[in-house]
Each structure stands twice: as C-alpha cells, then as structure tokens.
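Coordinate inspection notes
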Amino acid sequence: MVTQRENHKWGMVVDLDRCTGCQACVVACQAENNIPINTQSYFQQRRAYEWIRIERYWEGEFPNVKARFIPILCQHCENAPCEPVCPVFATYHNDEGLNVQVYNRCIGTRYCSVNCPYTVRFFNFWQPQWPDRFRNQLNPDVTVRTRGVMEKCTFCVQRLRRGEVNVERRGLEPLTGERIPVADRKLNYRQMKEGNYMPACVQACPTNALQFADQHDETGPVKAIFEEANGQIETREHGGHVDEAHTRVYRLFEEVGTKPNLIYLKKVDAFPVDKRPR
Amino acid sequence: MQEGTPLQSRQVNRELLVSILNSPKWFWMVISVLGLIVLIAMSAAGVLINQGFGVTGLNRPVMWGFFITNFVFWIGISHAGVMLSAILRLSKAEWRRPATRAAEILTVFSLLTAMLMPLIHTGRPWRTVYWIYTLPFVPYDYARGIWPNVRTPLVWDPSAVYTYLTSSILFVLVALIPDFAVLRDRTTGLSHRIYGMLAMGWQGNPRQWKLQIIAGVLLSALILPVFVSVHSIVSWDFGMAVSVKSWHSTIFAPYFVVGAVHSGVSAVALVLIVLRYIYGWQNYIRHEHIDALGRLLVVVATGWFYFFVMEVVFGFYGREADEIAVRNLQFMVSPWNIWMIIFVGITYFLPVSIWLSRSCRRNLWIMSVACISVNIGMWLERFLIIVPGLARKQLLTFDWYTYRPSLVEWLIVIGTFAMVSMLMVTIAKVVPLIPLYDIKEGEILRTEIKIGRVTVPATFRED
C-alpha cells in the first residue's frame, strides 16, 4: 500500500491523424486485462469484449473511398452517465479522475451500459473461458471477471498501482532502474510519467496516436490540449461560438454533457475525398 | 337509474359465493394447465440462471429486452386497481361496484409478477439483495459507508413499486373484511378458523361499518399519489437515461401513466367478462358496467394517443440526426415499421372504433376482442420504445444492432401471463371476486319509491 497518494487527473489524447487502424491497442488491451478470447460466435452474437475498439467508417462513394478509423474506449467522463444510474455504486468516480468499476459489487442491472453513449461497457453474458494453454498467461494484477458482471476500460489502473508501489515503496526509477532519492519519492506527475505508468494501449501504439498523461503535467503536450478543450466547453456554456473549422480538438458526443477525459484530434486530410458526383 | 332486477341479500350471498363454496370440474384442469406453463417458464429461468445471460437474445447495444418490457407491462396492468377502486370510489361512480375487487386483486398479482422480472433480468437473483432489500437485517455493507445509490431511478423504482404493493394489499384486505365474515359464517373446520382470523372479529355492527368505510376512503385518497408516482417513476427508468436519445424525454411520465390506465382498465374489463361467463354472474356484471368501462376507455385511449403522437412529434421536431435514426428504424425499417403499424392499429384505432358504438360496447365478444387487442398493443408499445431506442442509441453506426428474443425469453414472458391467470383462478376459490357488501350497498342505494308522480331514491347518501 502506498500512503501519500496525490490527486491526479488522468487524461488521454487520441490523434486520429496518426491512427492507422492497426489494432495493436486492441491486442495489447486484450492481453493486459485478462479479457476472454473473442471468438467468432461472440462477434456474431454482438457480445465481443473490446475495452478499446477501432471503429472503421467509409467516407465517400466507390471508387472514391477512404477508410476512417477511430479508437473508442471508455472516455472516463467527468459527468459519467453510467455512474448515477447504478443502484449499488458498482461504478463510481475516484479522485484520480478515473471512472472505476467494482466487479464484486455489480449485480447486473445493465443500466450503466444502457446509459453509456459510447457503448464501451461490456457485460459477461457467458462465463469467461480461456484455452488451457492460456491459463498461465493471465495477468495476476487483474481480476478475472465472472459472468453477470459489467466490465470496462480502467485506464489500466493496475499499472498505476504498480507504478505507485515502484516509486514510493521500492524507490526505483522505472526506465533506468536507479534508486530515487527518498525526498523525491512522491506520487506526483513527475514520477508517475511515461515509462512508469501508461495504459497498455498507449504503450503498444506504434504511431503514438494515443498519448496519455496527468492533466496537471505541465511539461507534456497533453495539458495544452486539455486546456483548449476545457476552454471550448466553457465558451459553449457561456453561449459563445467555437470555430470548429480551425481547431483539431474535440470530444466525442460533447452535446450529451459527459465531459470526457479523452480528447480526439481531428484528422488533417491532405487529400480529402472528392465528393463531387461523377 | 340502473338496469337489471333488484337483488335480495340472500341471493347475492348465494350467487357470489358460488366460486368458493362449489368446486367446478374445470378448476383443477385449468390450474394444472396454467401451472404446467408456469413450471416450463420456471425451468427456462433456471436455464438462464445456470447458463448466464448468453441464452437470451440480448447483446451489447440492446442490453434491455423482453424482461424489462414485461416488467413495465405488468406494472401498467396494476394501475387498474386504483383507477377503478380509489378514483371511481372518490368520484362516486355507482357502476364501479362489481369491478373493484377483481381490479384490486389483479393489481396485487400483476405487481408481484412484475417484481419477478427485474430479479430474472439481473441473471443472478441472489445479488438483488444488495439492490432492493436494503433493510438493516440484510448484510448490506453499511460498515464501510456503502449505501444504495439514491440518484438512480433503479432505487426510486422499487421504492415506489413496493409502496404501491403494500398499499394495494392493505386496500384489498380492508375491503375484504366484511366478506371474510360472511365466509366465516358459511364454512366449517380449518377454513372457518382461517376466515375467522382474517375477518378480525367482524360483527357487522354500525361502529365497525363506520371504521371500515373511513379506512376505505382514507386509503383511496392516500393511494392516489402512489398511483400517479409509480408509473411515472417506472417511466423515469427510461426518461432519465441521457444517452438514449429517444428515451430522454420529459413527456414519458404522463405518457406511461395514461398508457398504464389504458391497458389496466382493458384487462379488468376482460377479467369481468370472463368471470361473468364462467360463474354466471349475469345479474352482477351487467352490460351497463362493461358499457361504462368502454366509455371510460374511449377517453383514456384518446389521452394516451395524444401523448403517443406528441412523443413522436417531439422526436421529429428536434431534427437531431440521432433521434431521426431511431424514428427511421421505428417507422421505416422492416419489421419494426410493421410492428409499429400493428401496434397503433390495435391499441387505438381498432378498440376505440369498437367502443364508440353502443351496440359493440354491449356485445361481450366484441368487447373482449377489443380488450385483448389493447393489451397486446400496449405490450408492443413498451417493446417498441425500449428496443429501437437501444438499437440506435447514438450516432456511432458501428455499434448499431438489433434484437432477436430467444426461446428462453419467450417462455418466461408467456409464463408470467400464465402465472397471473393461475393466481386469479386460485384466488377466486378463496375470496369472492365481486364484493358482496358493496353490491348490497348498491342495492340499497338504488331502491326507489314513488311519491306522487316523481320517483326518488329511497335512501340519501349523507356524504
């Protein structure tokens, strides 16, 4: 257990211009979080577990088409619609800006999934099963969920906890393995940075389309993007106009009022699809 | 001016207790057939609990399906009891008398059945202890400061439904006391003692009558706010869901309440027609009663239709792409559009056109067709609100899907209908489904005497 936990506010920025739709994040998530194997029949039943998924959209008419990719994961909304509807507080907001799910408390009303505009909550319709040879591959830091329980992206909270222990108890620099001076063993954004804590999908992304940081972190690029996005919300709340043509920053389904901690950067299309009829 | 011949008190007792004191041949046959259906449904629920929710047709966008539809439907049916007993009692509608008891008992049984649905819906019923039964003697995690989340409609909902269930049971029992006393005097052995206990020492003296009437009127008045709130709160399960475009509407509460009265009163009319047929209660459930219910239903149905049209109009008025997507599914895409046409036809146009004609209102066969069609239609209404709304929740078209109920869900839903019917048939063997004393009171009130040329009631009601 760590003692001096600081208040973080974790956030992710998804740069759609960099996303190639390679699904490395999906695989990384699957491996990290003990997600059952999505078989063909799970997909056909529309019950596949994809804590992060790449949605593919086609733009334009054949033959002038482009594939558009958007990774969608739990947005860890500030005003999460899933939280107030759970009768047993199985999902709630912790003080690190994470929307967390307590599997043991879940009774399976499925109201949270109904009320999630991003459909990123996954119900265990069947008892999850792995092939025998995968038994030893399960991540010991992550609960194996049972049937009848709702689950979702946690921003790899187990990595956060391990990082905290690494810094405060073991005092090891994550990348170099050097000892951290005792005075510096604080759980602030300087220590809990890239290399020490990042979700599996961010780590796996080959194009750095996913960026992850504490929103209090003043050194990284994430804070500036979040400030711009929060400025947009403020402008809209005061009835102002946001010039969407000249900014890349947006949040998914902002009109629902969820205030996600996940920000998307629009694609910068050098060669837009020619939409004129031929 | 009421129709029919005057009835003697002795005759009322004899004819209305026929369901209890005589045992018809068909009784055990009906009970066993219905019980078999209930057993099949229970084994289907057992399969579901054993295997998990995979055996249903639910999927990621459509997490709520047949069970929630059925829950809302049975809660809706339960609204007939208060509508007929409390509201018509307070508004002194004389024709309510034979309908009240059946309506109240239908209320209690449909509420009990409705409360089963969320239990099955969670897939692990033993866990619902943490949701509904948050009483001190249940191991709820108070020690760690974990309380039920009062912000969720899923906590308001059981609170409202349980309040309604408690007050309905109280309502039925208070109204039953004089009839239990009649039964106590006409039975022997064990049933004599049980009825004696239930009659609570009823002697029929003026003080007891006064207390019983006061209790009835008080309960009628107190149950009214519950009546309005129950289905409002059930509708907020949907109305409060900000993310489901077609549910998130302020019109849902009155829309659902009126719809509940529509289906509930139709169900009671159907029950009355069946009772009249099987027990030969032609003298009690007369054409005028069914006629009056039909006239009431014309008003209720038209009120419901107004809300239905408004809900759709509001949807289109916003012209938001996500709302239009839901409406497109409901009105343009097969098979949803076919169900939609059927639903509007059998919930409004068919029954109301029947109820508008006096001769149709007095033809019991046509009336029962109208009542059945209303109830099928209202079931479809809930289904067509819940499932298309979820299937087109938001604009992420990648996640759009449909819903195909599985055999397990069908069996459980059919089982609930069999269960309510079975409970009604069983209770008809135990308590009189038409209140004896209420009929007698009506007989006294309708006695008329002729003074000179005018005919005036022989008794005046002092209230």
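Before going into details, it helps to say that this report is about the structure given with it.

Each value, and the rule that gives it
Residues numbered from 1 in each chain as written. Chains lettered and ligands numbered in written order. Predicted model: local features only at pLDDT ≥ 70, side-chain atom pairs only at ≥ 80, totals over all residues. Heavy atoms only, no water. Pairing = 2+ DSSP bridges. Helix = DSSP H or I, 4+ residues; strand = E, 2+ residues; numbered from the N terminus. 1 Å grid on protein atoms, 1.4 Å probe; cavity = no way out; pocket = protein on both sides within 12 Å on 5 of 7 lines; lining within 4 Å. Points joined across faces, edges and corners; volume = space filled by probe spheres on them. Nonpolar A, V, L, I, M, F, W, Y, C, P; charged D, E, K, R; others polar. Salt bridge = Lys/Arg side-chain N within 4 Å of Asp/Glu carboxyl O. Buried < 20%, exposed > 50% of the residue type's maximum accessible area, 1.4 Å probe, protein only. Patch = residues over 30% accessible without salt bridge, like charges linked within 9 Å, V, L, I, M, F, W, Y side chains within 5 Å. Areas by Shrake-Rupley, 256 points an atom, 1.4 Å probe, with all protein chains shown as cover. Axes fitted to C-alpha atoms, helices over the stretch in contact; angles between N-to-C directions. Parallel < 35°, antiparallel > 145°, perpendicular 65-115°, else oblique. Contact = heavy atoms within 4.5 Å. Buried area = accessible area lost by both parts, 1.4 Å probe. Polar contact = N/O pair within 3.5 Å; in protein donor to acceptor, adjacent residues only side chain to side chain. Left-handed = near helix turned anticlockwise from the far one by under 90°. Expected span 1.5 Å × (residues − 1). Core = buried A, V, L, I, M, F, W, Y, C linked by side-chain atoms within 4.5 Å.

As a further point, take the sheet that holds strand β9 (residues 249-250) of chain A. Strands pair in a sheet through their backbones, by hydrogen bonds, and they do so in one of two ways: parallel or antiparallel. Residues and elements named next belong to chain A. Across the sheet, which stays open at both edges, the four strands sit in the order β8-β1-β10-β9 with mixed pairing between neighbours. The open sheet has two edge strands with one neighbour each: β8 (210-214) and β9. Where β9 and strand β10 (residues 262-265) come together, two bridges link them in antiparallel fashion. Across the sheet, Tyr250 pairs through a bridge with Tyr264, a residue of β10.

Turning our eyes to something else, we now look at the layout of surface pockets. A probe matching the size of a water molecule, rolled over the atoms, marks out where space remains unfilled. Residues and elements named next belong to chain A. Taken as a whole, the second largest pocket encloses approximately 750 Å³ of empty space. If you go around the second largest pocket, you meet 26 residues; those closest to its centre are Leu16, Ile70, Tyr250, Leu252 and Lys266. Sorting the residues of the lining of the second largest pocket by element identifies β2 (52-59), β3 (66-73), α6 (222-237) and β9 as the ones contributing at least two each. Among the elements that make up the lining of the second largest pocket, the one with the highest residue count is β3 (four residues). Of the residues contributing to the lining of the second largest pocket, the split by class is 13 nonpolar, three polar and 10 charged.

Residues and elements named next belong to chain A. According to the stated counting rule, one finds 35 salt bridges over all chains in the structure shown. With a closest N to O distance of 2.4 Å, Arg68 and Asp269 form a salt bridge. Here Asp269 lies in the segment after β10 and Arg68 lies in strand β3, a separation of 201 residues in the sequence. Owing to a relative accessible area of 25%, Asp269 belongs among the partly exposed residues under this scheme. For Glu227, the salt bridge identified is with Lys223, shortest N-O distance 3.8 Å.

Moving on, we come to a nonpolar patch on the surface. Residues and elements named next belong to chain B. A cluster of nonpolar side chains, contributed by Val33, Ile37, Trp410 and Ile414, occupies part of the molecular surface with about 350 Å² of accessible area. Listing elements by their share of the nonpolar patch, those giving two or more residues are α3 (26-51) and α16 (407-428). Here Val33 is to be found in helix α3. Residue classification places Val33 among the partly exposed residues on the basis of a relative accessible area of 48%.

For any two helices packed against each other, one specifies the crossing angle of their axes together with the interaxial distance. Residues and elements named next belong to chain B. Between helix α12 (residues 321-332) and helix α13 (residues 336-355), the least distance of the axes is 5 Å, while the angle of their chain directions is 70°. Viewed along their axes, α12 and α13 adopt a mutual orientation that is roughly perpendicular. For the pair α12 and α13, contact is made by Leu329, Gln330, Phe331 and Met332 and by Trp336, Asn337 and Met340, respectively. Here the contact of α12 with α13 is built from residues that sort into five nonpolar, two polar and no charged.

Turning our eyes to something else, we now look at the interface of chain A and chain B. Contact residues are listed per partner, giving 46 residues for chain A and 51 residues for chain B. Looking only at chain A, the three residues that lose the most surface to chain B are A:Arg46, A:Tyr111 and A:Val114, adding up to 17% of its buried area. Summed over the shared surface of chain A and chain B, the number is two salt bridges. Residue A:Glu50 pairs with B:Arg60 through a salt bridge whose shortest N-O separation is 3.2 Å. Our enumeration of links across chain A and chain B arrives at 33 residue pairs in polar contact (both at pLDDT 80 or more). Sorting the residues of the side of chain A that touches chain B by element identifies β2, α3 (111-114) and β6 (122-123) of chain A as the ones contributing at least two each.

Residues and elements named next belong to chain B. Evaluation of the coordinates by the stated rule reveals 12 cavities of 30 Å³ or more. When its volume is computed, the largest cavity comes out at roughly 150 Å³. Where the lining of the largest cavity is concerned, the elements lending two or more residues are α4 (66-77), α6 (100-122) and α7 (153-186). Of all the elements, α7 adds the most residues to the lining of the largest cavity, at four residues. The residue inventory of the lining of the largest cavity, partitioned by class, reads 10 nonpolar, two polar and two charged.

All right, on to the side chain of A:Asn139 then. All names here are of chain A. Mapping Asn139 onto the fold places it in the loop between β6 and β7 (150-151). Using a relative accessible area of 14% as the deciding quantity, one classes Asn139 as buried. A polar side-chain atom of Asn139 sits 3.0 Å from the main-chain amide nitrogen of Asp141. For Asn139, the contacting residues outside a window of four places in its chain are Glu32, Asn34 and Gln158.

Moving on: the packing of α12(B) against helix α15 (residues 364-391) of chain B. Residues and elements named next belong to chain B. Contact pair α12 / α15: the axes reach a minimum separation of 9 Å and the direction vectors enclose 125°. Taken together, the axes of α12 and α15 lie oblique to each other. For the pair α12 and α15, the crossing hand works out as right-handed. Facing α12, whose interface residues are Val326, Leu329 and Gln330, α15 presents Leu384, Ile385, Pro388, Gly389 and Ala391.

Moving on: helix α4 (residues 157-170) of chain A. All names here are of chain A. Compared with the 20 Å implied by 1.5 Å per residue over 14 residues, the 19 Å span of α4 between its first and last C-alpha is a close match. Restricting attention to buried positions, one finds in α4 the residues Gln158, Leu160, Gly163, Glu164, Asn166, Val167 and Glu168. Contacts from the buried residues of α4 go to β1 (10-15) and α1 (24-32). The first or second residue beyond α4 is Gly171, which carries a positive phi of 65°.

Once that is clear, we can look at the environment of B:Gly377. Residue and element names in this part refer to chain B. Tracing the backbone through its elements, the reader meets Gly377 in helix α15. A relative accessible area of 0% places Gly377 in the buried class. Sequence separation between Gly377 and Ser43 is 334 residues, and the spatial gap between their C-alpha atoms is 28 Å. Beyond its immediate chain neighbours, meaning those up to four positions away, Gly377 contacts Phe343, Ile346 and Thr347.

Attention shifts here to the nonpolar core. Judged by nonpolar contacts, the single largest core of 201 residues is most densely connected at A:Met12, A:Phe155, B:Trp64, B:Trp247 and B:Trp355. Each residue touching B:Trp247, except ones within four places of it in the same chain, is listed here: A:Val114, B:Trp64, B:Phe238, B:Gly239, B:Ala241, B:Phe252, B:Ile385, B:Ile386, B:Gly389 and B:Leu390. In this structure, A:Ala213, A:Phe226, A:Val249 and A:Leu265 belong to the second largest nonpolar core, which totals nine residues.

Here the focus is the environment of B:Leu436. Residue and element names in this part refer to chain B. Looking at where Leu436 falls in the secondary structure, it is placed in helix α17 (residues 436-446). In this structure Leu436 comes out as buried when scored by relative accessible area, which is 0%. For Leu436 and Arg101, which are 335 residues apart along the polypeptide, the C-alpha to C-alpha distance reads 9.8 Å. Ignoring anything within four residues of it in the chain, the contact list for Leu436 reads Val12, Asn13, Leu16, Leu17, Asp179 and Val182.

All quantities given are derived from atomic positions and should not be read as evidence of function.
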